[in-house]
Amino acid sequence: MIFIIAGVIFVLRLFWLQIVDRSYYFSANNNVLRHITQYPARGLIYDRGGELLVYNEATYDLMVIPRQARNFDTLELCGLIGIDYETFRERMKKIREYSLYRPSVFEKQISKEAYGFLEEKLYKFPGFYVQPRTLRKYVRPIAAHTMGYVGEVSPRICEVNPYYKPGDYIGISGIEKSYEEALRGIKGSRIIMVDVFNRDQGSFQDGKYDTIAVMGKNLYASLDMKLQEYGELLMTNKRGSVVAIEPESGEILALVTSPGYDPNLLVGRVRSYNYNILAKDSLKPLFNRALQAQYPPGSTFKLVHALIGLEEGVLNLQTRYGCAMGYSSGPIHVGCHAHAGPLDLIQSIAQSCNAYYCNVFRTILDNRSLPNQAAGYAKWREMTCSLGFGSAFDSDIPNLVSGFIPKNEYFDNIYGKNRWRFLTIVSLSIGQGEILTTPLQLANLAATIANRGYYCTPHIIRAVGKQDDRQEKFQQKHSIPISRRHFETVVEGMYQVVEAGTAHYYKMDSIPICGKTGTAQNPHGKDHSIFIAFAPKDNPKIAISVIVENAGFGATWAAPIAFLMIEKYLMKEIKRKDVETRMIEGNLLSN
Amino acid sequence: MVREERNIFKNIDWITVGIYLLLVLFGWMNIYAAVFNEQHDSIFDLSQRYGKQMIWILVSILLALIILMTEPKVFNAFAFFIYGLSILSLFLVLFIGKEVSGSKSWIDLGGFDLQPSEFAKIAVNLAIARHLSSLNIRMEDLRTRITTFFLIGLPVILILLQDDTGSALVFTAFIIVLYREGLSGNVLIIGGLVIILFILALMVDKWIIIAFLALIALIWFSQIRKNRRDIVSLLGLFLLVAGFVYSVDFAFHHVLDVHHKERINVLIGKEVDLKGAGYNVNQSKIAIGSGRIIGKGFLQGTQTKYNFVPEQSTDFIFCTIGEEWGFIGSVLTIALFIILFIRILNIAERQRSAFSRIYGYGVASVFFFHFLVNIGMTIGLAPVIGIPLPFISYGGSSLFAFTIMLFIFIRMDANRLQLL
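This one's a predicted model, so the numbers in the text were calculated from it and none came from an experiment. (Residues numbered from 1 in each chain as written. Chains lettered and ligands numbered in written order. Predicted model: local features only at pLDDT ≥ 70, side-chain atom pairs only at ≥ 80, totals over all residues.)

K.L.:
How would you summarise the overall build of chain B if you had to cite specific residues and measurements?
P.N.:
If you tally the helices and strands in chain B, you get 17 helices and three strands. Burial statistics for chain B: of 420 residues in total, 43% are counted as buried. For chain B, long-range pairs separated by at least 24 residues make up 68% of all intrachain contacts whose partners lie at least 6 apart in sequence. (Helix = DSSP H or I, 4+ residues; strand = E, 2+ residues; numbered from the N terminus. Buried ≥ 20, exposed ≤ 12 C-beta atoms within 10 Å, placed from the backbone. Contact = placed C-beta atoms within 7 Å.)

Shown next as structure tokens:
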């Protein structure tokens, strides 16, 4: 009897364990199956000429399974990877606390050379093995900000995005960030069976459920590597930026911010150390001035006034205004430099007459077809914004800033509704006051004028995956509601700036260049030197904006640097070596 | 009337022998699966446990044949002599023994580790059978009880001294034999109650149990005639039981070793320590539970093949059966054992000699105890006590001992028609 009762109890228990309760089945799988991630290589990045900018370099993580790590010469291992015994003990303690059986990273990113030494002796250290990973490597130390950098994913991102697991790499800034999804590729997974000591026992069901890692897509940047490098050279020891765009397509040819840094500094183990140093530098090398700095545009904004005045019919080619060393009305005086007068429109651009544009801006606000100056201002603002000012481009570069073109409400808040008028905001006439623009927006202005009335959103990546697959969303042309002939008029004015106006000192005979100088007053010291330009005059190939901080007149530094960039891009070689040398050697940081 | 006895093979109980062979061969297969090694994939490879088990099986069959050739009177005549030898070997192992995983219970015989405690079961069984079958012996006598418990107790103490609690516990199986031979059922019932109370005392707070006991005593009190004598004895009983509960609690917390405490806690579900004491049981349940209905197939068990279950070829061999042969295989194995036990009892009952009958009960009891505790342990119904599953588990000593034990009985049975 008792035998049968015992038998029945056992059978019932087995029925429960083996048939009713499914959890043991899954526990068995958890025990034996390990999903091993196969890391894909990150996509490469090429420049517009097809030259390699960014590639991957193999590196090695030293992994350890604590349970198996026994009976070896600890000091020898410490010596091989260059740590002291204390560090070794602390690390092992932490790793043991995490798991005895699962692999943990013991030492990250061992260089190829160190790996060479280590590999030969690895057999002496049971439980240690090496897992290959890849690190970004930059062919030339240029365009650091644009490229951005890659780093370990933060725990926060892991929480919200299930694709990422702790220890994965992710693009943190620049195009590494904005094109993360294309660059990262598709992770593969291999399912293996392990025994109780986590030793590999072969793949599960002959790899039926394994997936292969797919390499990330390559990116084809619009950057011209040589032009970028040359721009960085010219900006040595200066604070500021150079943005060059191909007007027709909106493709960014060069995006220089100075001072910069070598992108290889922010790769791998040294990244956080170097990052700290760069972040504390008083010159703010991590700050991307070309995209994020906001400056008053100074006289370059006179082009905007001219275009709007012409379109609204309050200005024409023959309009002349006198200038008595500036514009005066009651207590207000806006100074100007000495020049012949009265000037017509073309000459006013060429000579950059302040008084002329005070008058132009006033007539825009006074537009008879509109009820009052506030309405005139609102219309002006609308057209200004259509040129790309006052908002950030929907581009492929992260962290663009919008600049600032004040709304009516802004002035209403300061002065009270209907309590402000032209004279209150007269400094806007010469691109000063509240207006803020970014170097990218100024380059886009040059590109828009070069195109005689449209622009394509400035962008940095032409194609993803295949070199000839231009990105659809950047093909769209943004038309400006200003007629083409008015643009022609302004182009002529800009041509005269270089031919006979404020920038004629560094005039180049070989290429017809259209430009506009600007000198932005600012509270931080000496004026910023600004120059925007495009060339050649007809069928332009390059539009550019150059800003050199605290360097004085636009014509002194920004203009020659712009000319050299244009010459470099169009002619491939520089004839005026003296100008080049002077620009490169000019050190504006020491004072 | 005397029958032809020259060919004893005609009188052998072939059903028992058949089940024996099935179990031994099935055990061998499962040992092969449990410790399968790809570099040595032949089941005959002598460097592996499956190869060695094959040798143990062959030796066992040889032993069985020798026993079948032996005159059965020898077992009766030499019962106490064998008992004496066994006690001697248990003494010896205390001095020249080899320690394996905490227990000093092995004697190294050059390549073969002999475990005297396994053979002690046979000796004790023979001695009890001899003692209780003597004339003028009645279980009702206190003297008989004392001598019998002494026969069982002496080897138990020696085995406990080797730190082999599991093997020592096996000897409690002989209580079944004593019960068959007239030990009062009350002793068993009281014993059972004590065990239940013991477990309750560990699981539930002692004051709750004592309060509950008081309640029972009150109800009982309301039912009896209220004379002085009954009241006193009821009060005395209550105090005795309460004292027991209290002392169990005390003993558990202050006397027992930590690892014994852990095992008991894991069993009664008070503690779920999956990395420590509960690890074996948990992994074992995972192995058996993941077998589902038809199992993963021969050599396909991941839990046992990749060593997640410890001792998977010895004490936890049933995991391999559960994982690779599923519910069907497990139930068939259990059925085979139950049939074997019932068969042994049936044979025992048909014996004309008391000696053979008592011996037969002893065989069934010992096998049953092993079966109950071993399989109970792997499916989480019994505490982890390291004793092998008869005929299935890897190990020379245990296989030899079980074989000898069984075949002595088969030999006795073959001779049942000749009383003297």
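K.L.:
Run through the overall build of chain A, naming residues and quoting values.
P.N.:
From N to C terminus, chain A includes 21 helices and 20 strands. Scored against the burial criterion, the 591 residues of chain A give a buried share of 43%.

K.L.:
For unusual backbone geometry, give the residues involved together with the corresponding values.
P.N.:
Residues and elements named next belong to chain A. For the bond running from Ser258 to Pro259, omega is 0°, close enough to zero to count as cis. Here Pro259 is to be found in the loop between β12 (251–258) and α11 (271–280). The omega torsion of the bond from Ala535 to Pro536 falls at -10°, within 30 degrees of zero and hence cis. Of note in this structure, Asn399 is not a glycine but carries a positive phi near 60°.

K.L.:
Go over the nonpolar core, please, and point to the residues and values.
P.N.:
Counting 127 residues, the largest nonpolar core has Ala244, Ala446 and Ile544 of chain A as its most contacted members. Residue contributions to this core peak at nine residues, all from helix α20 (residues 558–571) of chain A. Setting aside chain neighbours within four positions, we find Ala244 of chain A in contact with Leu227, Leu253, Ala254, Ala443, Ile542, Ile544, Met565 and Tyr569 of chain A. In this structure, Ile19, Ile286, Phe308 and Phe400 of chain B belong to the second largest nonpolar core, which totals 103 residues. (Core = buried A, V, L, I, M, F, W, Y, C linked by C-beta atoms within 7 Å.)

K.L.:
Talk me through the environment of Phe112 of chain B; I want residue IDs and the actual numbers.
P.N.:
Within the secondary structure layout, Phe112 of chain B lies in the loop between β2 (103–108) and β3 (113–114). Sequence spacing of Phe112 of chain B and Ser397 of chain B is 285 residues, and the spatial spacing of their C-alpha atoms is 8.7 Å.

K.L.:
So what's going on with the interface of chain B and chain A? Residues and values would help.
P.N.:
It is common to give the size of an interface as the accessible area that goes away when the parts come together. Every contact between the two is made by 28 residues of chain B and, on the other side, 24 residues of chain A. Going through the elements one at a time, α13 (278–289), α14 (302–305), α15 (317–349) and α16 (354–378) of chain B are the ones with two or more residues in the side of chain B that touches chain A. For the side of chain B that touches chain A, the leading source of residues is α15 of chain B, giving nine residues. Here the side of chain B that touches chain A is composed, by residue class, of 17 nonpolar, nine polar and two charged. (Nonpolar A, V, L, I, M, F, W, Y, C, P; charged D, E, K, R; others polar.)

K.L.:
Now, about the sheet that holds strand β1 (residues 98–100) of chain B: what can you tell me, with residues and values included?
P.N.:
Residues and elements named next belong to chain B. Read from one edge to the other, the open sheet built from three strands follows the order β1-β2-β3, with strand pairing classed as antiparallel. If you trace the sheet from one side to the other, it starts and ends with β1 and β3, each paired once. Relative to β2, β1 runs antiparallel, the two sharing two bridges. By the bridge assignment for β2, Val100 is matched with Ser103. (Pairing = 2+ DSSP bridges.)

K.L.:
Can you explain the pairing of strand β3 (residues 52–64) of chain A? Please cite residues and give values.
P.N.:
Side-chain positions along a regular strand alternate between the two faces of the sheet. Residue and element names in this part refer to chain A. Here strand β2 (residues 45–46) pairs with β3 via two bridges, running antiparallel. Following the sheet pairing, Ile45 is matched in β3 by Val54. Connecting β2 to the antiparallel partner β3 that follows it, the hairpin turn spans five residues, and Gly50 within it adopts a positive phi of roughly 85°. Here eleven bridges tie β3 to strand β5 (residues 128–138), and the two strands are oriented antiparallel to one another. Its bridge partner lying in β5, Leu62 is registered against Val130.

K.L.:
Outline the sheet that holds strand β8 (residues 188–194) of chain A, supporting the account with residue identities and numerical values.
P.N.:
Residues and elements named next belong to chain A. Strand order in the open sheet formed by three strands is β1-β8-β9, with antiparallel pairing between adjacent strands. The sheet terminates laterally at β1 (33–38) and β9 (200–203), the two strands that pair on one side only. Between one strand and the next, the sheet's axes are offset by a mean angle of 40°, whatever the strand orientation. Here β8 runs beside β9; their pairing, made up of two bridges, is antiparallel. Of the residues in β9, the one forming a bridge with Ile192 is Ser203. (Axes fitted to C-alpha atoms, helices over the stretch in contact; angles between N-to-C directions.)

K.L.:
Got a sec to walk through the packing of helix α5 (residues 116–132) of chain B against helix α6 (residues 142–161) of chain B? Specific residues and values, please.
P.N.:
All names here are of chain B. At a minimum axis separation of 10 Å, α5 and α6 run at an interaxial angle of 170°. The angle between α5 and α6 places the two elements in the roughly antiparallel class. Of α6, the residues touching α5 (which contributes Ser117, Ala120, Val124, Ala127, Ile128, His131 and Leu132) are Thr147, Thr148, Leu151, Ile152, Pro155 and Ile159. Looking at the contact of α5 with α6 residue by residue, the class counts come to nine nonpolar, four polar and no charged. (Parallel < 35°, antiparallel > 145°, perpendicular 65-115°, else oblique.)

K.L.:
Outline helix α1 (residues 14–34) of chain B, supporting the account with residue identities and numerical values.
P.N.:
Taking 1.5 Å per residue as the helical rise, α1 of chain B with its 21 residues ought to reach 30 Å, and the 30 Å between its terminal C-alpha atoms agrees with that figure. On its buried side, α1 of chain B packs onto α2 (49–69), α14, α15 and α17 (396–414) of chain B. (Expected span 1.5 Å × (residues − 1).)

K.L.:
How would you sum up the packing of helix α13 (residues 302–312) of chain A against helix α19 (residues 484–499) of chain A? Please name residues and give values.
P.N.:
Residue and element names in this part refer to chain A. Where α13 contacts α19, the axes come no closer than 9 Å and their chain directions differ by 145°. As for the relative orientation of α13 and α19, their crossing is right-handed in sense. In this structure, α13 contributes Leu303, Ala306, Leu307, Leu310 and Glu311 to the contact, and α19 contributes His486, Phe487, Thr489, Val490 and Gly493. Here the residues of the contact of α13 with α19 sort into six nonpolar, three polar and one charged. (Left-handed = near helix turned anticlockwise from the far one by under 90°.)

K.L.:
I'd like a rundown of the environment of Leu213 of chain B, residues and numbers included.
P.N.:
Residue and element names in this part refer to chain B. Structurally, the position occupied by Leu213 is in helix α10 (residues 206–223). With 18 C-beta atoms packed within 10 Å, Leu213 lands in the partly exposed category. Between the C-alpha atom of Leu213 and that of Val241, which follows or precedes it by 28 residues, the distance is 8.1 Å. Look past the residues within four positions of Leu213 in its chain and what remains in contact with it is Phe238, Val241 and Ala242.

K.L.:
Can you tell me about the environment of Met69 of chain B, naming the residues and giving the values?
P.N.:
Residue and element names in this part refer to chain B. With respect to the element layout, Met69 can be found in helix α2. In this structure Met69 comes out as exposed when scored by C-beta crowding, with 9 C-beta atoms within 10 Å. Residues Met69 and Arg411, spaced 342 residues apart in sequence, show a C-alpha to C-alpha distance of 8.3 Å.

K.L.:
Give a detailed account of the pairing of strand β18 (residues 514–522) of chain A, specifying residues and quantitative values.
P.N.:
All names here are of chain A. With seven of its nine residues buried, β18 lies for the most part within the structure. Alignment of β18 against strand β19 (residues 525–535), held across eight bridges, turns out to be antiparallel. The residue of β19 that forms the bridge with Gly515 is Ala533. Here β18 hands over to β19 after two residues, the two strands then running antiparallel side by side.

K.L.:
So what's going on with the confidence of the model for chain B? Residues and values would help.
P.N.:
Of all residues in chain B, 90% have pLDDT values of 70 or greater, and the mean over the chain is 83. Here the predicted complex carries an ipTM of 0.73, next to a pTM of 0.66. (pLDDT = per-residue confidence, 0-100.)

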